Number of protein chains: 2
Amino acid sequence: MVIYNVTMFSLNQISGSARSGTLQTAHGDIQTPFFMPIATSGAIKGLTTEEIKELGAQILLSNTYHLHLRPGEDIIEKAGGLHKFMNWDGPILTDSGGYQIFSLAKIRKLKDNGVEFQSHLDGKKIFLTPEKAIEIQMKLGSDIIMVLDECPAADKDKKYIEKSLKLTTEWAKRCKKYHLQDTEHRTQNTAESGVLSPVSLLFGIVQGGMHADLREQSAKELIEIGFDGYAIGGLSVGEPNKVMYEMIEKTVQHLPEDKPRYLMGVGTPEDILEAIERGIDMFDCVLPTRNARHGYLFTSTGIVRIKNEQYKEDFTPLDPDCDCYTCKNFTKAYLRHLFMANEILSLRLNTLHNIAFYLKLMSDIRKAIKEDRFDDFKMINVK
Amino acid sequence: MVIYNVTMFSLNQISGSARSGTLQTAHGDIQTPFFMPIATSGAIKGLTTEEIKELGAQILLSNTYHLHLRPGEDIIEKAGGLHKFMNWDGPILTDSGGYQIFSLAKIRKLKDNGVEFQSHLDGKKIFLTPEKAIEIQMKLGSDIIMVLDECPAADKDKKYIEKSLKLTTEWAKRCKKYHLQDTEHRTQNTAESGVLSPVSLLFGIVQGGMHADLREQSAKELIEIGFDGYAIGGLSVGEPNKVMYEMIEKTVQHLPEDKPRYLMGVGTPEDILEAIERGIDMFDCVLPTRNARHGYLFTSTGIVRIKNEQYKEDFTPLDPDCDCYTCKNFTKAYLRHLFMANEILSLRLNTLHNIAFYLKLMSDIRKAIKEDRFDDFKMINVK
């Protein structure tokens, strides 16, 4: 029984292999390709959701792992969902927690049924199953929900990755089943109560390490199960850029054209341009926010490391081509001073600018695709 | 030769001993009594000057000691002054650095000519004279400049404080002389270049520990020298509130009615009400900003310690009587979550609210004085 619509994703324009389109969610339409700023624990580092909306963010990403540990999905559900809790009325994508369990958590035990791990905060033992991962995300009220997958470490051999893939596919099936049931349940509730429970999209995650054949296998198995969109996980884990781009290509060629494609956790502006050229629609990355806090600022003329002595008496804006609040109101000398003095405002103004840079880049890319001049745009912007 | 106007301070209303009036500065008029949020190093912790203006701040306070050490007054002067550097076009008061030298700096040697101290940042030796303290503040472009004083530790005996007062008065004289000369110099420059150099006000600081006779002596010696306003320093250093209020009374009775009176570094909302009742016009304090960072939030129903378990599932606003951004958009449960998760946004939203609370209090006080009902207002607000 089909209880919700097929993914509302429409392609509007193709420029080479780069695509622009519209993705419909319960909290509004998103123009693709897009970048998702990261609100790990339900907050962008130092910024309000109002500011992030003004900068042109269409969707935020939050982390299931972090929110499950603190404050817990039950509190957020009681608050009326994550949107209301954090005061953001646009779409939200949540990851499944898989990546954080395999990168952040202490001791973990992988079992067929799920994964046992210890919270990095207090050592508390937690057992996460595919079903539980979906349940948490449903409680958060996420618009785009990710399946639970295993993210094998970069140094694992092919045999391990083959085995891991089997588990990931099995978990994806279970996630799909649970998501269907839960959605059906919510839809019935809506019919009975008259209170709308927004419908979420469910995305599968292609794994397979740096092996093109495993990537192909993973993609085909996920398509067989059927998802609203397909993510590529397990890249940008230390491999050379060339290998990453090749893996994107080898995966994308097996993904359906009419579903959105999401490259998880990537990357630099150059990576994003290379991936869009290969047909990717969605991105998230900690780079703009994390780099901002370390004083690495993206500008139209390259990276500015704001602590450098050369900016001590530089009374020009950070990026004359940027019209964000930081660039319109402050000089590099002031930003350097705030950074050196460990002022909280430094984190805020830097983060604001870096996110503005990424969102402007995405907006420029969409425009270039619409005007069928993406190749030229990329050539100018990849040094 | 009088080269600048007498202080433009006019009293508009008196309610008991509480006064409301207008203080004119080169960067605009200020309604008294007022509270100055602290922008220690040229930034309010986590807030923009735009926000602070929207909250109703009329004037900011910055610290000469911090700005001299980092980034240095020469850079700020080259930037076009502190107003431009930090993007604030309202008035700025700067302290002289005296208080920080005696509370923050490492080894210090008091000499007749000035004070030698080591930077708490890098141990660098610095010699600050009364003249230098004024020069720095002039370079910053401050609207209200404070004289250099010695702030004796609370445990010093009367004999020490007598000696210290002699030095403080001597330094005040030298500050006045230097300020006159520098102002004259700048006025000539203005006449020659046609470029206006804003005229600053100079305030003396009454010291004298907890000794009414020394406070009287100090006040009289400063009035003899003649200042645009008079501050009371060296209070709220650990003495009982009753003693502080008594010292305020004993000092105020010797201060001229037609000059603004500034109680330095005080205090709680209750302290402010008690001081205004005793004729004080100006305040600054780290309390609202520092407490905000520690999760102590001022509300119309008392202090909320936001980390408390009781707010875990409290989905009501922090203060229903407050219309600041924090209270309008978030619940106590969310603010608690941000605080527990060490989110930068927590510092920002908490600081915003606490400053909003203080500025609203001052605005309410001014209204109460204008309507000659300050006593009633105070009775309701001091528990």
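Here, the structure is the one placed above.
Report follows, based on the coordinates. Quick caveat, the model's predicted, so the values are computed rather than measured.

A word on the pairing of strand S2 (residues 18-25) of chain B
Along any regular strand, the residues point their side chains to alternate faces of the sheet. Residue and element names in this part refer to chain B. As defined by bridge partners, strand S1 (residues 9-15) adjoins S2 across six bridges and the pair is classed as antiparallel. For Ser15, the partnering residue across the bridge sits in S2 and is Ala18. Where S1 hands over to S2, the hairpin turn is made up of two residues, of which Gly16 adopts a positive phi near 70°. Here S2 runs beside strand S3 (residues 28-32); their pairing, made up of five bridges, is antiparallel. Bridge assignment links Thr22 to a residue of S3, and that residue is Gln31. In this structure, the hairpin formed by S2 and S3 is closed by a connection of two residues.

Concerning the interface of chain B and chain A
Chain B puts 30 residues into the contact, and the matching count from chain A is 30 residues. Taken together, the elements giving at least two residues each to the side of chain B that touches chain A come down to helix H3 (73-78), helix H4 (82-86), helix H13 (332-340) and helix H14 (344-370) of chain B. Of the residues that constitute the side of chain B that touches chain A, the class distribution is 16 nonpolar, seven polar and seven charged.

Quick word on the environment of A:Leu55
Residue and element names in this part refer to chain A. Here Leu55 lies in the loop between helix H1 (49-54) and strand S5 (60-62). Taking the number of C-beta atoms within 10 Å as the measure of exposure, Leu55 has 20 and is therefore buried. Separated by 268 residues in the primary sequence, Leu55 and Asp323 place their C-alpha atoms 9.9 Å from one another. Setting aside chain neighbours within four positions, we find Leu55 in contact with Cys324, Ile355, Ala356 and Leu359.

Things to note about the nonpolar core
Here is a general trend for soluble globular proteins: nonpolar side chains tend to be buried in one another's company. A:Phe203, A:Leu263, B:Phe203 and B:Leu263 are the most contacted members of the largest nonpolar core, which has 218 residues in total. Other than its neighbours up to four places away in sequence, B:Leu263 contacts B:Ile232, B:Leu235, B:Ile248, B:Ala275, B:Ile280 and B:Phe283.

What to know about helix H8 (residues 212-225) of chain A
Residue and element names in this part refer to chain A. For H8, spanning 14 residues, the distance from its first C-alpha to its last is 20 Å, which sits close to the expected 20 Å at 1.5 Å a residue. Those residues of H8 that sit buried are Arg215, Ser218, Ala219 and Leu222. Buried residues of H8, viewed axially, fall in a sector of 100°; they line one side. Among the exposed residues of H8, those oriented more than 90 degrees off its buried face are Asp213 and Glu224. Along its buried surface, H8 packs onto helix H7 (158-193), strand S11 (201-206), strand S12 (229-232) and helix H9 (241-252). Phi turns positive one or two residues past the end of H8, at Gly226, with a value near 95°.

Describing the packing of helix H8 (residues 212-225) of chain B against helix H9 (residues 241-252) of chain B
All names here are of chain B. Running from amino to carboxyl end, H8 crosses H9 at an angle of 40°, the nearest separation of the two axes being 9 Å. The handedness of the crossing between H8 and H9 comes out as right-handed. Between H8 and H9, the residues in contact are Ala212, Arg215, Glu216 and Ala219 and Met247, Lys250 and Thr251, respectively. Of the residues in the contact of H8 with H9, the class split is three nonpolar, one polar and three charged.

Considering the relation of the copies chain B and chain A
Screw-axis analysis of chain B against chain A gives a translation of 0.0 Å along the axis, an RMSD of 0.0 Å, and a rotation angle of 180°. In short, the pair behaves as if placed about a two-fold rotation axis. When you check the interface residues of chain B against chain A, 100% turn up at the interface there too, and the contact is symmetric in its surfaces.

Observations concerning helix H10 (residues 269-277) of chain B
Residue and element names in this part refer to chain B. Those residues of H10 that fall on the buried side of the exposure criterion are Asp271, Ile272, Leu273, Glu274, Ala275 and Ile276. Packed against the buried residues of H10 are S2, H9, strand S13 (261-263), strand S14 (282-284), H14 and helix H15 (374-381). Of the residues flanking the end of H10, it is Gly279, one or two places downstream, whose phi is positive at about 95°.

Conventions used here
- The residue count restarts for each chain, going from 1 along the sequence in the order it is written.
- As a convention, the first chain written is A and the first ligand written is 1, with the rest following in written order.
- Confidence filtering applies because this is a predicted model: local features only for residues at pLDDT of at least 70, side-chain atom pairs given and counted only at 80 or more, and all residues used for totals across whole chains, interfaces and linings.
- At least two DSSP bridges between two strands are required for those strands to pair.
- Working definition: helices are DSSP H or I runs of at least four residues, strands are E runs of at least two. Numbering for both runs from the N terminus.
- Placing a C-beta atom from the backbone of each residue, one calls two residues in contact when those atoms lie within 7 Å.
- Classification used: nonpolar for Ala, Val, Leu, Ile, Met, Phe, Trp, Tyr, Cys and Pro, charged for Asp, Glu, Lys and Arg, polar for all others including Gly.
- Counts of 20 or more other C-beta atoms within 10 Å of a residue's own C-beta define buried residues, counts of 12 or fewer define exposed ones, and intermediate counts define partly exposed ones; C-beta atoms are placed from the backbone.
- Take the buried Ala, Val, Leu, Ile, Met, Phe, Trp, Tyr and Cys residues, join any whose C-beta atoms are within 7 Å, and the set you get is a nonpolar core.
- Here, expected helix span is obtained from the residue count minus one, scaled by 1.5 Å.
- What the arc covers is the set of directions going from the helix axis to the C-beta atoms.
- Axis lines are fitted through C-alpha atoms, for helices just across the contact stretch, and the angle between N-to-C directions can take any value from 0 to 180 degrees.
- Crossings are sorted by hand: turned counterclockwise from the far helix by less than a right angle, the near helix makes the crossing left-handed, and turned clockwise it makes it right-handed.
- We place the copies in one frame by least squares, fitting the C-alpha atoms of every residue whose pLDDT is at least 70 in both.

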